[in-house]
Amino acid sequence: MKTIYIDTSVFGGKFDIEFQYWTDRFFKKVFSSKIRLIYSDVADDELVNAPQKVKDFVKTIPKKIF
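Anyway, here's the lowdown on the structure attached to this text.

The rules behind the values
- Residues numbered from 1 in each chain as written.
- Predicted model: local features only at pLDDT ≥ 70, side-chain atom pairs only at ≥ 80, totals over all residues.
- Heavy atoms only, no water.
- Helix = DSSP H or I, 4+ residues; strand = E, 2+ residues; numbered from the N terminus.
- Contact = heavy atoms within 4.5 Å.
- Core = buried A, V, L, I, M, F, W, Y, C linked by side-chain atoms within 4.5 Å.
- Buried < 20%, exposed > 50% of the residue type's maximum accessible area, 1.4 Å probe, protein only.
- Phe/Tyr/Trp six-rings, centres within 6.5 Å; stacked < 30°, edge-to-face > 60°.
- Arc of directions from axis to C-beta.

**With respect to the environment of Arg36**
Reasoning step 1: Position of Arg36 among the secondary structure elements: in strand S2 (residues 35–38).
Reasoning step 2: Residues Arg36 and Tyr5 lie 31 residues apart in sequence; the distance between their C-alpha atoms is 8.6 Å.
Reasoning step 3: The residues touching Arg36, leaving out its near neighbours within four places in the chain, are Met1, Lys2, Thr3, Ile4, Lys64, Ile65 and Phe66.

**Things to note about the nonpolar core**
Reasoning step 1: One finds Ile6, Phe11, Phe26, Phe27, Val30, Leu37 and Ile61 to be the most contacted residues of the largest nonpolar core, which totals 15 residues.
Reasoning step 2: Elements with a minimum of two residues in this core: helix H2 (20–31), S2 and helix H4 (52–59).
Reasoning step 3: Other than its neighbours up to four places away in sequence, Leu37 contacts Ile4, Ile6, Phe26, Phe27, Val30, Ile65 and Phe66.

**Some points on the packing of aromatic side chains**
Reasoning step 1: Considering all chains together, one arrives at 7 aromatic pairs under this definition.
Reasoning step 2: Relative to Phe27, the ring of Phe11 has its centre 5.9 Å away and its plane inclined at 25 degrees; by these criteria the two rings are stacked. Here Phe11, found in helix H1 (residues 8–13), pairs with Phe27, found in helix H2; they are 16 residues apart in sequence, far enough to count as distant. An identical accessibility class is assigned to Phe11 and Phe27; each is buried.
Reasoning step 3: Consider the rings of Phe15 and Phe57, whose centres lie 6.3 Å apart with planes at 85 degrees: the pair is edge-to-face. Of this pair, Phe15 sits in the loop between H1 and H2 while Phe57 sits in helix H4, placing them 42 residues apart in sequence.

**With respect to H4**
Reasoning step 1: Listed as buried for H4 are Val54, Phe57 and Val58. The arc that holds the buried residues of H4, viewed along the axis, is 100 degrees, so those residues lie on one side.
Reasoning step 2: Its buried side turned inward, H4 meets H1, H2 and helix H3 (41–47).

So, to be careful, I would describe these as geometric facts and stop short of saying anything about function.
Take a look at the structure:
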């Protein structure tokens, strides 16, 4: 399993038409446990100002993946 650090822009990419296809493919691998995420306090701080739909999406990611 690969472990990858992602910043908050990747979470938001799910809702950006330009990046949505690749972001969806990436998160399918995350949800199927092929990729483990590194989630930092910085990302947590940045999500405070993120749109609600991005915050809601992040909450759907199981903690075991982080």
